[in-house]
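Report on the structure
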Amino acid sequence: MEEQPREPDPRFTLANERTFLAWIRTSLALIAGGVALAELGKRVGPSPIQLLLSVAPVVAGTGLSLLAFLHWRRCQRALRSGEPLPPPRFAIGLTALVMTAGLVLTISLIARH
């Protein structure tokens, strides 16, 4: 017999929501960073590098907002069914993207001076 979903402790639901909102703030920061790089990127280097550095964070921020929602929903479902919480699998990819963008930006700035 399948167990009925139960209402989790409100503290856990609110903590899950705060985590979701933190991911949304991160996605907004990535999008804002991409816009800033598009505006200030003329100092970075050639046009393809400028385009890559400005588009990548915007795309990442947009994708992160969707992944954050899906993760929030999976966590909420796990809380209601008493299952273990799923790990944020997208965090590794986001970290790699930010590190790569930072490395490319650093190399571009050093090469210009």
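Below is a summary of the structure that appears in this document. For clarity, every value in this text was computed on a predicted model and none was experimentally measured. (Residues numbered from 1 in each chain as written. Predicted model: local features only at pLDDT ≥ 70, side-chain atom pairs only at ≥ 80, totals over all residues. Heavy atoms only, no water.)

Glancing now at the packing of helix 2 (residues 47–81) against helix 3 (residues 90–112). Where helix 2 contacts helix 3, the two axes come as close as 11 Å, and the packing angle between them is 165°. It follows from the interaxial angle that helix 2 and helix 3 lie roughly antiparallel. By crossing handedness, the relation of helix 2 to helix 3 is classed as left-handed. Contacts from I49, L53, A56, A60, L64, L67, A68 and H71 in helix 2 reach F90, L94, L97, A101, V104, L105 and S108 in helix 3. Partitioning the contact of helix 2 with helix 3 into residue classes produces 13 nonpolar, 2 polar and no charged. (Axes fitted to C-alpha atoms, helices over the stretch in contact; angles between N-to-C directions. Helix = DSSP H or I, 4+ residues; strand = E, 2+ residues; numbered from the N terminus. Parallel < 35°, antiparallel > 145°, perpendicular 65-115°, else oblique. Left-handed = near helix turned anticlockwise from the far one by under 90°. Contact = heavy atoms within 4.5 Å. Nonpolar A, V, L, I, M, F, W, Y, C, P; charged D, E, K, R; others polar.)

The next point concerns a nonpolar patch on the surface. A contiguous nonpolar surface patch, about 270 Å² in accessible area, is contributed by L51, V55 and V59. Counting through the fold element by element, L51 comes out in helix 2. Note on L51: relative accessible area 53%, which makes it exposed. (Patch = residues over 30% accessible without salt bridge, like charges linked within 9 Å, V, L, I, M, F, W, Y side chains within 5 Å. Areas by Shrake-Rupley, 256 points an atom, 1.4 Å probe, with all protein chains shown as cover. Salt bridge = Lys/Arg side-chain N within 4 Å of Asp/Glu carboxyl O. Buried < 20%, exposed > 50% of the residue type's maximum accessible area, 1.4 Å probe, protein only.)

This part takes up the nonpolar core. The biggest cluster of nonpolar side chains holds 8 residues, and these are F20, W23, L30, A60, L64, A68, F90 and L94. Every element with two or more residues in this core is listed here: helix 1 (10–40), helix 2 and helix 3. Among residues more than four places away in sequence, those in contact with A60 are L30 and L97. (Core = buried A, V, L, I, M, F, W, Y, C linked by side-chain atoms within 4.5 Å.)

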